[in-house]
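Each chain, letter by letter, is given below.
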Amino acid sequence: MPYAVLSALIGAGLGVQIAVTNLATQQVESAYAADASGALLTVMQLGQVIGVATVGTLFISLMHGQTGQASFGTAVALAALAVLAGLSSLFLVKAKVSPART
């Protein structure tokens, strides 16, 4: 059961990506849309590469001959990052929606 909850948290964190992408590209002028798209996709792919390397390193360091323990520990770390990403996106949306103060 805990593994299912952790998987759901990880999925929720991945679902936040759409909102963050929309916020990141919303103010880009149409003349720079291709540049912004390329930069955003490059940063996303770089994040994926760094993420896979980090998760792989974490998994191997937790393994100690027991794959289940390493898998659970890695899932806990990913779930924590997913919650952090979700909370961060809420602050981004709140900052974007609230009126600017002059």
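Worth saying up front: this structure is predicted, and the values here are computed from it rather than measured.

Draft legend 1. Representation of the overall build of the protein chain within the structure. For the protein chain, the helix and strand inventory stands at three helices and zero strands. Out of the 102 residues belonging to the protein chain, those deemed buried represent 10%. Sequence separation of 24 or more characterises 64% of the internal contacts of the protein chain that already satisfy a separation of 6 or more.

Draft legend 2. Examining the environment of L58 more closely. Secondary-structure assignment places L58 in helix α2 (residues 33-63). Owing to a relative accessible area of 27%, L58 belongs among the partly exposed residues under this scheme. For L58 and A77, which are 19 residues apart along the polypeptide, the C-alpha to C-alpha distance reads 8.9 Å. Not counting residues within four places of it along the chain, the set of residues in contact with L58 comprises T74 and A77.

About the criteria used
- Residues numbered from 1 in each chain as written.
- Predicted model: local features only at pLDDT ≥ 70, side-chain atom pairs only at ≥ 80, totals over all residues.
- Heavy atoms only, no water.
- Helix = DSSP H or I, 4+ residues; strand = E, 2+ residues; numbered from the N terminus.
- Buried < 20%, exposed > 50% of the residue type's maximum accessible area, 1.4 Å probe, protein only.
- Contact = heavy atoms within 4.5 Å.

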